[in-house]
Amino acid sequence: MASVDVDVRKVSILGKESIHCGFHLVPYIVKTVTATLPSSTYVLITDTHVGSLHLPAFQTEFSRAQTNSRFLSYVVSPGETSKSRECKAEIEDFLLLNKCTRDTVILALGGGVIGDLVGFVAATFMRGVRFVQIPTTLLAMVDSSVGGKTAIDTPHGKNLIGAFWQPEYIFIDAAFLETLPAREFSNGMAEVIKTAAIWNEKEFAALESRAAEIFAAIQTPSTNFAGRTESTRSAAQELLLSVIAGSIGVKAHIVTIDERETGLRNLVNFGHTIGHAIEAVLTPAMLHGECVAVGMVLEAEVARSLGILSQVAVGRLTRVLKAYNLPVSLSDPRIASLPAARGLSVTKLLDIMRIDKKNSGAQKKIVLLSRIGATYEQKATVVDDAVIAKTLSDAVKIVPGTPSKSPIRMATPGSKSISNRALLLAALGSGTCRLRNLLHSDDTQVMMNALVELKGATFDWEDGGETLVVSGGGGALSVPKDNKEIYLGNAGTAARFLTTVCTLVGAANVEQRTIITGNARMKQRPIGPLVEALRANGSTIDYIESQGCLPLSIAPAGLKGSHIRLAASVSSQYVSSILLCAPYATESVTLELTGGQVISQPYIDMTIAMMKTFGVVVERLTDSETGQPLDVYRIPKGTYTNPAVYNIESDASSATYPLAIAAITGTTCTIENIGYGSLQGDARFAKEVLEPMGCEVVQTETETTVTGPPVGQLRAIGLVDMEPMTDAFLTASVLAAVATRPPKDGRVLKDGSKPTTTRIIGIANQRVKECNRIKAMIDELAKLGVETSELDDGLEVYGKPLAELKEGASVHCYDDHRVAMAFSVLGSVVKDTIIEEKRCVEKTWPNWWDDLLNKIGLDVEGVELSSVQGLASASRLVEDSSRASVILIGMRGSGKTFIGELAANALGWQFIDADVVFEKKHPIGVRQFVQQNGWPAFREEETAILQELLAQHGEGHVISLGGGIVETPAARDLLKAYTKKGPVVHIVREIDEVITYLGEETARPAYGEPVIDVFKRREPWFAECCSHEFVNYTGVLNSIEASVEDDSKLAPSVLSVRDEVFRFFQHITGLQPNLAPNLTNGRRSYFLCLTYPDITLALPHIEKMTAGVDAVEVRVDLLRSSKDYDKLGPYIPPTAYVTEQIAALRHKTTLPLIFTVRTASQGGQFPDHAEKEAFELFVTAIRLGVEYIDVEISWSEKNIRNLIAGKGHSQIIASWHDWSGNMRWDSKALDEKYGVAREYGDIVKIVGKANRLEDNFALHNFVLRQRATSDAKPIIAINMGVEGQMSRILNSTFSPVTHNLLPTKAAPGQLTFAQIQTALHLLGQLPAKKFYLFGTPIAHSMSPTLHNTAFEVLGLPHKYELFETETVGDEIRAAIAAPNFGGASVTIPFKRDIIPLLDRLSPDAEAIGAVNTVIPVLTADGAVQLVGENTDWRGITHSIRRSLPPSVLKPEAALIIGAGGTSRAAIYALWKLGIETIYLFNRTASSAHALVNAFPDVNIKFIAALGAWPDNGPAPTVIVSTVPASATSLDSSNSDAILLTKSLFSAPTGGVVIDMAYKPAETPLLVLARNTGAQWRRVKGVEVLLEQGYHQLHLWTGRQAPKTIVAERVWTAYSS
Ligand SMILES: NC(=O)c1ccc[n+]([C@@H]2O[C@H](COP(=O)([O-])OP(=O)(O)OC[C@H]3O[C@@H](n4cnc5c(N)ncnc54)[C@H](O)[C@@H]3O)[C@@H](O)[C@H]2O)c1
Ligand SMILES: [Zn+2]
């Protein structure tokens, strides 16, 4: 065997040096294993990724080793799904098949998945065999391979089955990392950082400062096995290896002490308590390490809020994680954009944590850091739920009260500008300087790293990170070793300051250069003016990439000095950069600023003042004539002298908040580090704002103390110019809001303003800060009821007594730290003020909320804004049914009033017509108003009314607006904003119809221009302002509804616009989303695929074709408008055409629609790359209220997520089609597709192709496996092709079906609904049931014809029979108890007698007091319950809704003739329809009165004579007769019968008349109605019978009846 020269670093674990680390170790591994673990068989197991990269090397080495042993290898699919029982079994079968015995040695080559899986195989194979870990991911190297934990997953959870099984060796070959994807590398770094954070501050500091190098080490492939020996190892490799070995060392040490995790080993779970909970929600989209990274920050914040950990430490942790590309909060876009992120509610996370293995009982445990490198306890610590909840929640509220720590003494975080300058001064100075109160930021971190590289200074942390000890280098700097680049990330101030610093580097070797670079963003930020000034001064600086930006290459030649000219109108930081370095120039510097207006002079002054503290005095020259200061500075040569301690001034803007809290709560607060000597303008706040407001202010050079007046006693200020302290105006505004005492003398405003006015000016620049702060303050103060007005350069705030401020306001912070902190001040006195985005304080005061609690003494509580965060806020409509009013817009004449009334009726809401409101306000009417005041005034008034309506009737109303409302931008903005809250529905009607309609109307002023022009102008505005479109498809309606000759026999397939309005508005408001109930109730569900290029061709047959199905799919990609009929191949149908098609279909079926745009590559006709067009169509579908949208998961993630965000109450079917025949249902690849689809979809659809019958079994197993998981979604899984038909039969969710009447099948192998039912029956999945009619006499009943026809057409194996008995007795008892009992109809005289035999009644049957339907219902425990229902009333409501003429918007009154059993159902039906007055006529008054009494909630008026309506009430528009035909007559001489006269039909609008009597077909009542006039629609008894029968069938089978065919057969039977 050839010997290999290798240097490995060994780490010991559990007393053995079994961890060997190095580079390019494969030969060494094989040599060591074969030499020390002799065996007959070596088996290497890996995954396909790793195998394809690294297996050959092992094969080569083993064959070279020339042992007598066998070398076998086995490769599994990559990914977490391989950690399964199935995969374990596969490997075991492989081992057994290959006759592996007890002496086998198994090598696990791969990431944590392979390590865990193979380790567990080794642990149990032959009761345990030897194994070796060869981790190839960073995570596996530093974490999973070390410690002996092995495990697999089950659908119930991760790692639930496993064993402790220690490997013989762990070989860490860091060269494997060179092929690892960067994201996986970062994933592992999370664990490395974790280990350093709990154990080793030095390691942590190395990780902080050397991130760029560490990344570089894995990104530069080593050639020629470089690194195998120490002599060939690069510095980067050495660093990488020491990081890995260091991290392993810690874990190995901990494992050695506590192998079975009883205490100390707990510590490695830092970040994991919260991290695991996050992972449980986000997996597989986010990786373990990524979730743990967020978990670590959150857990560190828990420690911070308990007062255990400093903000500096939290900041360092956050920054180092960021440096390795890891997310640090749940609002990271990588997380927030995931659909699964919606599940990240605080409650959900706490819930998941409840079952954490580390918990002790119900108490949660978290590893608390006490500083970087150490933990609070040597184990996890019990933490209160409330503390965790507070940390996790996005919003907070302060518990108002007196700050318990008053008198308060505190320092606010150091000023950022001062921190950056102090750090550089101390580093360039000589001697040691202790920097206190440093604001540790990206800039300071980067500058520290760079100064260390340049050997300019050294740094140490003291006091647990509170103090930074700088040992200054006195200005001596050298070029970084080995041409190392200085990486500055995106730290802007650091880049500017360091550019000049690099020119100071002395000339040692002319060849060398200092290179500074940054991330991509940094490489775009300008630095040109500074570089030009330095170049002009003689420095050699080259741009390496783009001109004017980093990276720079700087020659080490020292700074020449003398005269330097700098263009200073861009950034004062260029000036400070040169000033700070100037003393070290070869000649003393005169700095001349050119280019006009110098920007931010106060920062230049700050730099000069600080230089003075460090011993260098800068002179600013003045104009000898005017004495005015010039922009010229003279800086003497010299070295900074470090003071022993430098207290960094607190940030003065931040200081305003605690001081304001003292002011508003009447307590005392002292801020250290800010006094009258302050360098910052905002330090004046105490004297210039708080003192005039009535506070006592004591200011020394370095301290400020404020004592507030008693609560409620603040004074308004009058006028205050805040120009020198603009950032503090927000604090002033919140105080002014409660300042009710008049200003001090001399400050009173003389212009008649209210005495409580505070007028803040000089702050115009605040409009362009993080947000428009002036507007933000105005809007958010308004939420608390505070009035303000905006000024050109400021605002006025009108103080209000504290008690009158609104409690419970939810303050939006615009992601602006100052808004959040300012409103905290009000939150300390106004109850339940919610600050919505607590994290925005991170910019300047990350621990503000903790300081409020720990330093000021005000309790802070977490608030969970809503469990549906992120996406929900982006979603147009709130998830649950919302009562937000519906707004209707559209052209005049489009039918807004008509639709609006119907919609209000459907929703049970009030209808408001804005025009009517206008006329109430302006009785002269619109026409005259416009004549008198002109259009603009009218539009303005119209908009004002809209605003009022929204304010007063924001819920529970349908509001119709004038057609011109969209003419003004203001109104359009209002509407657009409203779509975020509730639906704005554009009523669309063909323009020809509108014109015809308008021709007949005169109430409105004429447009003065052709209607068509108005239409063209407004059309885009309507589209832009609406969230939905309702197509008032009058063309077809008129042609069908109005042309029905014999109105008594409306074809059942004709729907009225009423049905469509019901469906549409109940769906879009979420009141009753029109989703298929069978999808959720455990029944099989089906959809019909429409494959027409023009759906209108199918409309006459739609009802027949949809019999039995739950939904209708529109294959949008197959639609072709007639002019494009002959276009073949991929095609994009125009949106207008699609809209028209959907609208037409909508008038034929209320079944949910599925909107499918199938691309060419997935078997459809839509172009594969027309993504934009596809999503435009999807959005159209959502606007039209289409219920299901089929979205292919191959579209781009961004578009899909956007679509989901706006889907409202529609559902997404996330689909994947693979027709190739190569897709395997048991492949991991498919599991991944499923994972993606499950994330996006409410329903998952996966379609493959079967080559043989067995492929259907694989499909079936796949479905069962997915269904067993906890977050399973309904799944449509189908195999194409004839061989796949089996899958179509067994599929249970939304099986696609075809119909004989369709031109072509949508897909090969498709079956009809009836065929599938037959097949299910034959497979024993659909047993035949018996159904009965109970009653007597029933020989002539139509029910058997009705139901048996339906069963036959639907392919159901059931039978319906007459069951005539004298009484309800034993025979009936036996029938309903039989196992094959499917259900029964009940008729006279048993409708009440049957009740005692039933287990329960439906609420409707209960209310009516009669049962006509018996349904056997299977309960959860498998027993059968008999439920009594009543469908008679449904037959009546349905008939009325369908037949009511459009002239009757909402029936006000109805008449019932007769007071028998059927009348009960009729009363109930009319009441359900919302008819307010019901007249009841019956010959015997007593039974009528009994009925009146039986329905106390219904307004029933007994009438003694027909034709006269009591109290001058309205004439009925609905008439229902329940008496036999023979009991009525048109002949006044027939005194035995009720005389019917034309006076019954006096309602001018006409209406609907129903005769429940079913023989003869033409009863006297119907004859009379026919002769009365066309406005009266007539409904025959048989029709009601049919309607109630359809409902019965639906209750029994869950299927829609084939109405047309059933009706035809019943009419035939009836007529014969
Ligand atoms: N046993 C323990 O103590 C422990 C600790 C932590 C994590 N884990 C487990 O570890 C698993 C995660 O491990 P992981 O993050 O290594 O995931 P992994 O094993 O799935 O590897 C990640 C991906 O990288 C690929 N890959 C691996 N090495 C590669 C290389 N050198 N070059 C190119 N590609 C490579 C893999 O094929 C895979 O696609 C989880 O199942 C987790 O439960 C176990
Ligand atoms: Zn972990």
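Description of the structure in this document. Computed from a predicted model, the values in this text were never measured in an experiment.

Let us now look at the pairing of strand 16 (residues 430-436). Summarising the sheet, strand 16 and strand 18 (residues 467-473) pair through seven bridges and their orientation is antiparallel. Within strand 18, the residue paired with Arg 434 across the bridge is Val 469. The sheet contact formed by strand 16 and strand 27 (residues 645-647) spans three bridges and is parallel. Looking across to strand 27, one finds that Arg 434 is bridged to Val 645.

In this section: helix 43 (residues 1254-1267). Under the 1.5 Å per step criterion, the end-to-end length of helix 43 is 20 Å for 14 residues, consistent within 8% with the ideal 20 Å. As for helix 43, its buried residues are in contact with helix 42 (1228-1240), strand 48 (1243-1249), strand 49 (1275-1280) and helix 44 (1285-1290).

Here we take up the environment of Leu 368. Within the secondary structure, Leu 368 sits in the loop between strand 10 (364-366) and strand 11 (369-371). Classification of Leu 368 as buried rests on a relative accessible area of 2%. C-alpha separation for the pair Leu 368 and Gly 558, spaced 190 residues apart in sequence, amounts to 48 Å. Excluding residues that lie within four positions of it along the chain, Leu 368 makes contacts with Glu 299, Val 302, Ala 303, Leu 306, Ile 308, Thr 375, Tyr 376, Thr 381 and Val 383.

To continue, consider the coordination of the zinc ion (ligand 2). Coordination sphere of the zinc ion (ligand 2), protein contribution only: Glu 191 (OE), His 272 (NE2) and His 288 (NE2), at 2.0 to 2.1 Å. Considered as a linear motif, the donors of the zinc ion (ligand 2) on their single chain read E-x80-H-x15-H. Residue Glu 191 is found in helix 6 (residues 182-199), and its partner His 272 is found in helix 10 (residues 272-282); the two are separated by 81 residues along the sequence. For His 272, a relative accessible area of 4% corresponds to the buried category.

Inspection of the region around ligand 1 gives 25 residues, with Asp 47, Gly 112, Thr 136, Thr 137 and Thr 179 positioned closest. Lys 83 is positioned such that a nitrogen or oxygen atom in its side chain is 2.8 Å from an oxygen atom of ligand 1. Thr 179 places a polar side-chain atom, nitrogen or oxygen, 2.7 Å from a nitrogen atom of ligand 1. Burial of ligand 1 by the protein chains amounts to 89% of its free accessible area of 860 Å².

This brings us to the sheet that holds strand 23 (residues 561-567). Reading across from one edge, 23-24-26-25 is the order of the four strands in this open sheet, with mixed pairing throughout. Edge positions in the open sheet fall to strand 23 and strand 25 (619-622), since each of these has one partner strand only. Strand-to-strand, the axes of this sheet are offset by a mean angle of 25 degrees, without reference to chain direction. Here strand 24 (residues 587-594) runs beside strand 26 (residues 629-635); their pairing, made up of four bridges, is antiparallel.

Time to look at helix 14 (residues 346-353). Of all the positions in helix 14, only Val 346, Leu 349, Leu 350 and Met 353 are classed as buried. One side of helix 14 carries all its buried residues, which in axial view fall inside an arc of 100 degrees. Buried residues along helix 14 sit against helix 10, strand 10 and helix 15 (385-392).

Attention now goes to the pattern of salt bridges. A complete count under the given rule lists 76 salt bridges for this structure. Between Arg 183 and Glu 290 there is a salt bridge, with the nearest N and O atoms lying 2.7 Å from each other. With a gap of 107 residues between them, Arg 183 in helix 6 and Glu 290 in helix 11 (residues 288-305) connect regions that are remote in the sequence. Of the residues examined, Glu 290 reaches a relative accessible area of 4% and is grouped as buried. Among the ionic pairs, Glu 545 bridges to Lys 523, the shortest N-O distance being 3.4 Å. Highlighted residues: Glu 545 in the loop between strand 21 (541-543) and strand 22 (552-554) and Lys 523 in the loop between strand 20 (514-517) and helix 19 (528-536), separated in sequence by 22 residues. Residue classification places Glu 545 among the partly exposed positions, given a relative accessible area of 48%. Lys 523 gets classed as partly exposed once you look at its relative accessible area, which sits at 24%. Overlapping salt bridges, with partners in common, bring together Asp 651, Asp 727, Arg 773, Asp 816 and Arg 818 in one network.

For the pair helix 10 and helix 11, the least separation of the axes is 7 Å and the interaxial angle reads 135 degrees. Classified by the interaxial angle, the pair formed by helix 10 and helix 11 is oblique. As for the relative orientation of helix 10 and helix 11, their crossing is right-handed in sense. Judged by residue contacts, His 272, Thr 273, Ile 274, Gly 275, His 276, Ile 278 and Glu 279 of helix 10 engage His 288, Cys 291, Val 292, Val 294, Gly 295, Leu 298, Glu 299 and Val 302 from helix 11. Class assignment of the residues belonging to the contact of helix 10 with helix 11 gives a composition of seven nonpolar, six polar and two charged.

Take the side chain of Arg 1115 next. Counting through the fold element by element, Arg 1115 comes out in strand 44 (residues 1111-1115). Exposure remark for Arg 1115: the relative accessible area of 8% places this residue in the buried category. A distance of 2.8 Å separates a polar atom in the side chain of Arg 1115 from a polar atom in the side chain of Asp 1117.

A separate point is the sheet that holds strand 9 (residues 169-173). The strand order across the open sheet formed by seven strands is 1-2-9-6-5-3-4, and the pairing between neighbours is mixed. The sheet terminates laterally at strand 1 (9-13) and strand 4 (70-76), the two strands that pair on one side only. Taken pair by pair, the neighbouring strands of this sheet meet at an average axis angle of 20 degrees, ignoring direction. Bridge count between strand 2 (residues 16-22) and strand 9: four bridges; the pairing is parallel. Note on strand 9: the bridge partner recorded for Gly 22 is Asp 173. The strands touched by helix 3 (residues 85-97) are strand 3 (41-47), strand 4 and strand 5 (105-110); relative to strand 4, the strand with the most contacts, the crossing angle is about 160 degrees.

Reading the values: the criteria
- Residues numbered from 1 in each chain as written.
- Chains lettered and ligands numbered in written order.
- Predicted model: local features only at pLDDT ≥ 70, side-chain atom pairs only at ≥ 80, totals over all residues.
- Heavy atoms only, no water.
- Pairing = 2+ DSSP bridges.
- Helix = DSSP H or I, 4+ residues; strand = E, 2+ residues; numbered from the N terminus.
- Expected span 1.5 Å × (residues − 1).
- Contact = heavy atoms within 4.5 Å.
- Buried < 20%, exposed > 50% of the residue type's maximum accessible area, 1.4 Å probe, protein only.
- Donors = N, O, S within 2.8 Å, 3.2 Å for Na, K, Ca; no water.
- Near = heavy atom within 4 Å.
- Polar contact = N/O pair within 3.5 Å; in protein donor to acceptor, adjacent residues only side chain to side chain.
- Areas by Shrake-Rupley, 256 points an atom, 1.4 Å probe, with all protein chains shown as cover.
- Axes fitted to C-alpha atoms, helices over the stretch in contact; angles between N-to-C directions.
- Arc of directions from axis to C-beta.
- Salt bridge = Lys/Arg side-chain N within 4 Å of Asp/Glu carboxyl O.
- Parallel < 35°, antiparallel > 145°, perpendicular 65-115°, else oblique.
- Left-handed = near helix turned anticlockwise from the far one by under 90°.
- Nonpolar A, V, L, I, M, F, W, Y, C, P; charged D, E, K, R; others polar.

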